[in-house]
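Listed below are the residues making up each chain.
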Amino acid sequence: MEILRVVDELVCTRRVPGMQLCALRVLESAQGALSVATDPVGAPAGKWVFVTAGSAARLAMKDATTITDLTICGIIDRWEEEAGNIGTMQNS
Amino acid sequence: MEILRVVDELVCTRRVPGMQLCALRVLESAQGALSVATDPVGAPAGKWVFVTAGSAARLAMKDATTITDLTICGIIDRWEEEAGNIGTMQNS
Amino acid sequence: MEILRVVDELVCTRRVPGMQLCALRVLESAQGALSVATDPVGAPAGKWVFVTAGSAARLAMKDATTITDLTICGIIDRWEEEAGNIGTMQNS
Amino acid sequence: MEILRVVDELVCTRRVPGMQLCALRVLESAQGALSVATDPVGAPAGKWVFVTAGSAARLAMKDATTITDLTICGIIDRWEEEAGNIGTMQNS
Amino acid sequence: MEILRVVDELVCTRRVPGMQLCALRVLESAQGALSVATDPVGAPAGKWVFVTAGSAARLAMKDATTITDLTICGIIDRWEEEAGNIGTMQNS
């Protein structure tokens, strides 16, 4: 699973059937690459999350017939990002 | 799902069976990489879209037996691209 | 689907069962990366083709039990390549 | 399968159902990229492991309905890492 | 399918069940990236091979329930590698 940060909601009026009811989020990697994921956990902007890709992305949705190849699986509790380098998590 | 821009239609006379009736689009990433996707939504050139890959690409087609590994799932309503960096979407 | 150019046939005497009858092609990306694909369309060297990956690569073969993860799906009619940048296709 | 090093446990309170009981590990590639994997073997921090991705990641779990796209498959016995280059394993 | 060179055997005592009987090889890409593959063909160190990824990796094994996402499919008969550039194969 990849570690990405939530940037924003995706606004998209014209979609394929089978995506109508999904919340979509724009995510950004530590390297700045953007992607779009379905969001069953309600991840707010600014949070670091981890996502699952491929067929597992569908299984992670309540309705496994949803059209997706990337789904947010969890919100990471603590994630420190240092300059150009994502640090490891620390429990406190 | 990746975020790509529609460049053009793909002209391809000699194809494998199972692709004959699909509209094909050439897409470009923010980094300039080109790829080909099946298009069930009718995305015009110049528009930013998001695409689904893998087995989800077949499920996104009306006919799920279509041979494809990349399908356009939706046209993004607003997408600002700044120099060397794709900006976030803004609702107005 | 990715856009690649046919370089040559692949000569490979010792293979896993289930690949014996497939034509194999060495393909090159615009960035110079090489890969191997099964070829059900008979693409000659020098031609630009598009390929499908993953489980779709098997479905694109006449015999869907063929062992492959990359199959040539079609030969692109016109494809202009400029220095360091693949141009868009033009119909004439 | 990719070769990665275990960095830490992942702390994540809010997850999709179907991940509740899995141990999660943060892994780092030789290039410094981070990812998250499910861990059925109990790999301690600092160890080099190899991971399987895609649908095989689910099959590698005791419960194959687990939501994951990356699973630790084994701990590598000996793995020497030299400056900027991972060396080959040596049996002694 | 990707083209990789066999570096060595992988020594790994602690593995997930379902991998016990597989020969594992460490492979290196032309760019120096390392990965691990299951080997049903008996590829010796130093040889260039091509590998299949994803679900096809399991189908390429004699026992398709084997846990793997990368399997060696064949040993390439001739493969010339020039400085910084893998050359094409030549039949003689």
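Residues numbered from 1 in each chain as written. Chains lettered and ligands numbered in written order. Predicted model: local features only at pLDDT ≥ 70, side-chain atom pairs only at ≥ 80, totals over all residues. Heavy atoms only, no water.

## A closer look at the interface of chain A and chain B
Across the contact, 24 residues belong to chain A and 25 residues belong to chain B. Taken over both partners, the interface formed by chain A and chain B buries close to 2,000 Å², and the fraction arising from carbon and sulfur atoms is 63%. The three residues of chain A that bury the most area against chain B are V11, R14 and D69 of chain A, which together make up 27% of that side's buried surface. Put simply, chain A and chain B have zero salt bridges between them. Residue assignment for the side of chain A that touches chain B shows that the elements contributing at least two residues are β1 (2-9), β2 (14-15), β3 (24-28), β4 (34-38) and α1 (55-59) of chain A. Sorting elements by how many residues they give to the side of chain A that touches chain B places β4 of chain A first, with five residues. (Contact = heavy atoms within 4.5 Å. Buried area = accessible area lost by both parts, 1.4 Å probe. Salt bridge = Lys/Arg side-chain N within 4 Å of Asp/Glu carboxyl O. Helix = DSSP H or I, 4+ residues; strand = E, 2+ residues; numbered from the N terminus.)

## Section: the side chain of R25 of chain E
All names here are of chain E. Within the secondary structure, R25 is located in strand β3 (residues 24-28). Among the polar contacts listed, one links the side chain of R25 to the side chain of D39, at a separation of 3.2 Å. The residues touching R25, leaving out its near neighbours within four places in the chain, are V6, D8, E9, L10, S35, V36, A37, D39, A43 and I72. (Polar contact = N/O pair within 3.5 Å; in protein donor to acceptor, adjacent residues only side chain to side chain.)

## Quick look at the interface of chain D and chain A
Many descriptions give the size of an interface as the accessible area lost when the pieces come together. Opposite the 24 residues of chain D that make contact, chain A presents 25 residues. In total, about 2,000 Å² of surface goes out of reach between chain D and chain A, with carbon and sulfur atoms giving 63% of it. Where chain D packs against chain A, one counts zero salt bridges. Between chain D and chain A we count nine residue pairs in polar contact (both at pLDDT 80 or more) in total. Mapped by element, the contributors of at least two residues to the side of chain D that touches chain A are β1 (2-9), β2 (14-15), β3 (24-28), β4 (34-38) and α1 (55-59) of chain D. No other element matches β4 of chain D, which puts five residues into the side of chain D that touches chain A. Pairing of strand β6 (residues 70-75) of chain A with β2 of chain D involves two bridges; the strand directions are antiparallel. Within β2 of chain D, the position partnered with G74 of chain A by the bridge is R15 of chain D. (Pairing = 2+ DSSP bridges.)

## Let's talk about the side chain of R25 of chain A
For R25 of chain A, a relative accessible area of 14% translates into the label buried. Side-chain polar atoms of R25 of chain A contact the backbone oxygen of A43 of chain A, separated by 3.1 Å. (Buried < 20%, exposed > 50% of the residue type's maximum accessible area, 1.4 Å probe, protein only.)

## Here's the deal with the pairing of β4 of chain D
All names here are of chain D. In terms of burial, β4 is a largely internal element, five of the five residues being buried. Side chains of β4 alternate between two faces, with L34, V36 and T38 and S35 and A37 buried alike. Hairpin connection between β3 and β4: a loop of five residues separates the two successive antiparallel strands, and G32 in this loop has a positive phi of roughly 95°.

## Side note on the environment of A64 of chain C
Looking at the secondary structure, you find A64 of chain C in the loop between α1 (55-59) and β6 (70-75). For A64 of chain C, the contacting residues outside a window of four places in its chain are R58 and L59 of chain C.

## So, the relation of the copies chain D and chain A
If you rotate chain D by 72° and push it 0.0 Å along the axis, it lands on chain A with an RMSD of 0.0 Å. With respect to symmetry, the two chain copies, as superposed, fit the operation of a five-fold axis. If distances are taken from each C-alpha of chain D to the rotation axis, the shortest is found for G54 of chain D, at 5.5 Å. (Least-squares fit on C-alpha atoms with pLDDT ≥ 70 in both.)

## Focus on the relation of the copies chain A and chain B
Of the two same-sequence chains, chain A is brought onto chain B (RMSD 0.0 Å, axial shift 0.0 Å) by a rotation of 72°. Interface overlap between copies is the fraction of interface residues in one copy that are interface residues in the other; for chain A against chain B it is only 4%, indicating separate surfaces.

## Considering the pattern of salt bridges
Close approach of charged atoms allows side chains of opposite charge to pair. Considering all chains together, one arrives at 10 salt bridges over all chains under this definition. The shortest N-O distance in the salt bridge between E28 of chain C and R5 of chain C comes to 2.8 Å. One end of the pair, E28 of chain C, is in strand β3 (residues 24-28); the other, R5 of chain C, is in strand β1 (residues 2-9), and 23 residues separate them in sequence. Accessibility expressed as a relative area gives 25% for R5 of chain C, which makes it partly exposed. R25 of chain D is the partner of D39 of chain D in a salt bridge, and the nearest nitrogen-oxygen pair spans 3.2 Å. Linking D39 of chain D in the loop between β4 and β5 (48-53) with R25 of chain D in strand β3, this pair joins segments that are 14 residues apart in sequence.

## With respect to the confidence of the model for chain A
Caution applies to low-pLDDT parts of the model: their predicted coordinates are not meant to be read in detail. All names here are of chain A. Mean pLDDT for chain A: 85, with 85% of residues reaching 70 or above. Predicted confidence in chain A is weakest over strand β8 (residues 85-86), with a mean pLDDT of 44, and strongest over strand β5 (residues 48-53), with 97. Scored below 50 in pLDDT, residues 82-92 shows 27 contacts in the model against residues more than four places distant or in partner chains. Overall fold confidence (pTM) sits at 0.88, and the ipTM for the predicted complex is 0.84. (pLDDT = per-residue confidence, 0-100.)

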